Amino acid sequence: MSTLTVQAVGAAADAVERHLGPLVEERFASRLFAKDATLWGPDAEAEAEVRLSWVGLARTSRPLVGEIEALREQLRVRGVTRVVLCGMGGSSLAPEVICATAGVPLVVLDSSDPDMVRAVLEEDLDGTAVVVSSKSGSTLETDSQRRAFVDAFSRAGLDPTERVVVVTDPGSPLDQQSRADGYRVVNADPDVGGRYSALTAFGLVPSGLAGVDVGALLDEAEEVADLLADDDPGNPGLRLGAALAGTEPLRDKLLLADAGSNVVGLGDWAEQLIAESTGKSGRGVLPVVTPPGQAPTEGIADPSDCTVVVLAPEDIDDGHADGEEIAIPEATAAGSLVSVAGSLGAQLLLWEVATVVAGRLLGINPFDQPDVESAKNAAREIMAAGSGAEAAPTLVDGAVQVRGGSWLPAGATTVGQALEALLGELDPADGYLAVMVYLDRLERAGLASVQADLVRRTGRPVTFGWGPRFLHSTGQYHKGGPAQGVFLQVTGEPAEDLAVPGKDFTFGEFIAAQAAGDAAVLAEHGRPVLRLHLIDQGQGLAQLRQAISG
């Protein structure tokens, strides 16, 4: 039997006490599960009208279970032992956490880095099946990855229509073309937004094909659905939403720390859900996934604008009342703490409910993402202009090209001086640093350790995101949320570029345009951006680490 536990201490407990009564009185929970699109005001109503089917997915997704099992058996007969998922944002982050928690291997290709794409293409093609996931059916990263795999299968003498499974909304361009070309297509519920799609075909098909018992996952969600729909002060969704977004003054940095939850990677999925849903109109709460093994407030000089969110073991004692001490190692002196525990299926639904509650309290539409498209458009414009349109670097230091804005002193001549200037723009009271790395996230995974180093150096929260995947996640918050961030972007020359079959651009040109486009939009919003391009990745990374260490 699935259970959910949400406990709050300090400012988070005060927020629960303040907002729980009104939320219960206005019947927010039952109206949400009745798909009441008016809950977020008239400006959000049209979007909410076609985005609320996720509340019933624990039941409506049941027919997928048998379909996935049959398809998995077909692939097994064809010798498939490896499943690759091509998807971005909500299409990839949910299956990643579902499979990791179940201990089932799934290769997630959510990058346009040519080195990463090539590495995934070259491994055991004979034993590989590919799930291509795109809600709109026009996601350029996913289309490019699909083209690469179709080409690779064809050149290897394998029939792509027997190896590629497409997940998309009914009637999308990808749906129509794939069916016409003879591919297996599974349609997702069109009335669910991408980041709320964990229990749709987007989350279930790749997970189920990889070997996860997706029926059991739906069971876990269904067991808590009535609890989350109940207009009761004990409703954990209302309590968590109030704790996240109801503090006064608003503690808008959420430090997510795992304390043995056994739900692997939940923070990365919740980061996308919360950041893209709430970061708009100059408001929002910023999820910060803290480094493993590090206390969430370690190195933060003044955590008074932070709430620590502990992902706790499912069997945690739930006998505490709000405001009481919670015996969790990650409990800190931040003065605001929430602990959350439950099975994966239960938590997927819990966090979605809490996020839309947070949207209500913040006064924003939790279903749109207006600033994600701006970065996409900028990237398209840069690609159309050609590689020669890129502005010359501000300076070159060894293996690193440096580009900065007007905040960069004219006398800066080194990477270290440029970084120091960027950190000088960081507000010590409410600022945050976002590190955005457009490299092969599998090959360069160790680079994530700079997050902890930069927290210690700045005394402020630091986020770390792999590009381009974060563009479908925290990228919305960077531009639409509060103007508190400074941004460190890292790009690099690939070991070898890779053509996108049937297109007039390469993966290297594509990822370069994505990075440049994102930097341009951030600069247009007045955000300080330092761009470091590694001409030689090995030497350049060594320079970067030296600059960060000071």
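Computed from a predicted model, the values in this text were never measured in an experiment.

Some points on the packing of aromatic side chains
Scanning the model with the defined rule gives 10 aromatic pairs in all. Pairing Trp 40 with Phe 367 gives two aromatic rings, centres 5.1 Å apart and planes at 90 degrees, and the pair type is edge-to-face. You can see Trp 40 sitting in the loop between helix H2 (28-33) and helix H3 (42-49) and its partner Phe 367 sitting in the loop between helix H14 (344-362) and helix H15 (372-385), a full 327 residues away along the chain. Classification of Phe 367 as buried rests on a relative accessible area of 3%. With a centroid separation of 5.7 Å and 70 degrees between ring planes, the pair formed by Tyr 438 and Phe 470 is classed as edge-to-face. Here the residue Tyr 438 occupies a position in strand S13 (residues 432-438), and Phe 470 occupies one in the loop between strand S14 (462-466) and helix H18 (474-480), the gap between them amounting to 32 residues.

A short note on the side chain of Thr 128
In this structure, Thr 128 sits in strand S4 (residues 128-134). Taking relative accessible area as the criterion, Thr 128 reaches 0% and is therefore assigned buried. Among all residues touching Thr 128, those that are not within four sequence positions of it are Val 80, Arg 82, Val 84, Glu 123, Phe 149, Phe 153 and Arg 163.

Notes on empty space enclosed by the protein
Summed over the entire model, instances satisfying the criterion amount to one cavity of 30 Å³ or more. Roughly 60 Å³ of volume is contained in the largest cavity. Lining the largest cavity are Leu 255, Val 288, Thr 290, Pro 291, Gln 294, Pro 296, Glu 298, Ile 300, Gln 451, Val 455, Pro 461 and Val 462. Of the residues belonging to the lining of the largest cavity, the class tally is eight nonpolar, three polar and one charged.

Regarding the sheet that holds strand S12 (residues 400-403)
Spatial ordering of the open sheet is given by S11-S12-S16-S15-S13-S14, a layout of six strands whose pairing is mixed. Only two strands of the sheet have a single partner each, and these edge strands are strand S11 (395-397) and S14. Across the sheet, the axes of successive neighbouring strands diverge by a mean angle of 20 degrees, strand direction being ignored. In terms of strand pairing, strand S15 (residues 485-492) meets strand S16 (residues 529-534) through six bridges, oriented parallel. Opposite Leu 488, over in S16, you have Leu 530 as the bridge partner. Lying over the sheet, helix H16 (residues 415-423) contacts S11, S12, S13, S15 and S16, oriented at roughly 155 degrees with respect to S16.

Quick notes on the pairing of strand S5 (residues 164-168)
For S5, the buried fraction is high: five of the five residues fall into the buried class. Across the two faces of S5 the burial is the same, with Val 164, Val 166 and Thr 168 and Val 165 and Val 167 all buried. Read from S4 through helix H8 (residues 140-155) to S5, the crossover connection turns out right-handed. Two elements, S5 and strand S6 (residues 184-187), share four bridges in a ladder whose sense is parallel. When the bridges of S6 are listed, Val 167 appears paired with Val 186. Taken together, S5, helix H9 (residues 173-180) and S6 constitute a β-α-β crossover, and its handedness is right-handed.

Re the environment of Ala 358
With respect to the helices, strands and loops of the structure, Ala 358 is situated in helix H14. In the structure, Ala 358 is positioned 121 residues away from Gly 237 in sequence and 9.9 Å away in space, judged by C-alpha atoms. When sequence neighbours within four positions are dropped, the list of residues in contact with Ala 358 reads Gly 241 and Ala 245.

Notes on the pattern of salt bridges
If charged atoms from side chains of opposite charge come close, those side chains can pair. Applying the stated rule across the entire model yields 29 salt bridges. Close ionic contact of Asp 453 with Arg 456 constitutes a salt bridge, the shortest N to O distance being 2.6 Å. Residue Asp 453 and its partner Arg 456 are both found in helix H17 (residues 450-458); the two are separated by three residues, about one turn of the helix. According to the relative accessible area criterion, Arg 456 is partly exposed, its value standing at 46%. Each of the salt bridges in this network shares a partner with another, and the network as a whole consists of Arg 59, Arg 62, Asp 219, Glu 222 and Asp 226.

Description of the pairing of strand S2 (residues 82-86)
S2 sits mainly inside the fold: five of its five residues count as buried. Of the strand pairs in this sheet, S2 and S4 are connected by five bridges, and their pairing is parallel. Within S4, the position partnered with Val 83 by the bridge is Ala 129. When S2 meets strand S3 (residues 107-109), the two strands line up parallel, connected through three bridges. From the neighbouring strand, Val 84 faces S3, where its bridge partner is Val 107. In the classification by handedness, the crossover that spans S2, the intervening helix H6 (residues 90-102) and the parallel S3 is right-handed.

Thoughts on helix H19 (residues 507-524)
Taking 1.5 Å of rise per residue, the 18 residues of H19 would be expected to cover 26 Å, and the 26 Å separating its terminal C-alpha atoms lies within 8% of that figure. Across the 18 residues of H19, 13 count as buried, placing the element largely inside the fold. Count one or two residues on from H19 and you reach Gly 526, which has phi positive near 80 degrees.

Section: the layout of surface pockets
Empty space among the atoms becomes apparent when a probe as large as a water molecule is rolled across them. When its volume is computed, the largest pocket comes out at roughly 1100 Å³. Around the largest pocket sit 46 residues that line it, and Gly 265, Asp 268, Val 289, Trp 466 and Arg 469 are the ones nearest its centre. Where the lining of the largest pocket is concerned, the elements lending two or more residues are H6, S3, strand S7 (253-258), helix H13 (266-278), S13, S14 and H18. Tallied by class, the residues present in the lining of the largest pocket amount to 25 nonpolar, 13 polar and eight charged. Considering only enclosed or pocket space, the second largest pocket measures out at about 710 Å³ in volume. Lining of the second largest pocket is provided by 33 residues; of these, Ser 136, Thr 139, Val 372, Lys 376 and His 472 occupy positions nearest its centre. A breakdown of the residues in the lining of the second largest pocket according to their chemical character gives nine nonpolar, 15 polar and nine charged.

Comments concerning the side chain of Gln 514
Secondary-structure assignment places Gln 514 in helix H19. Here Ser 112 takes part through its side chain, which lies 2.5 Å from a polar atom of the side chain of Gln 514. In this structure the side chain of Gln 514 is engaged in a polar contact, spanning 2.9 Å, whose partner is the side chain of Glu 141. Leave out the neighbours within four places in its chain, and Gln 514 touches Ser 112, Glu 141, Ala 379, Tyr 438, Pro 468 and Leu 471.

Thresholds applied
- Residues numbered from 1 in each chain as written.
- Predicted model: local features only at pLDDT ≥ 70, side-chain atom pairs only at ≥ 80, totals over all residues.
- Heavy atoms only, no water.
- Phe/Tyr/Trp six-rings, centres within 6.5 Å; stacked < 30°, edge-to-face > 60°.
- Helix = DSSP H or I, 4+ residues; strand = E, 2+ residues; numbered from the N terminus.
- Buried < 20%, exposed > 50% of the residue type's maximum accessible area, 1.4 Å probe, protein only.
- Contact = heavy atoms within 4.5 Å.
- 1 Å grid on protein atoms, 1.4 Å probe; cavity = no way out; pocket = protein on both sides within 12 Å on 5 of 7 lines; lining within 4 Å.
- Points joined across faces, edges and corners; volume = space filled by probe spheres on them.
- Nonpolar A, V, L, I, M, F, W, Y, C, P; charged D, E, K, R; others polar.
- Pairing = 2+ DSSP bridges.
- Axes fitted to C-alpha atoms, helices over the stretch in contact; angles between N-to-C directions.
- Right-handed = clockwise from strand over helix to strand, strands pointing away.
- Salt bridge = Lys/Arg side-chain N within 4 Å of Asp/Glu carboxyl O.
- Expected span 1.5 Å × (residues − 1).
- Polar contact = N/O pair within 3.5 Å; in protein donor to acceptor, adjacent residues only side chain to side chain.

Purely geometric numbers; function is a separate question.
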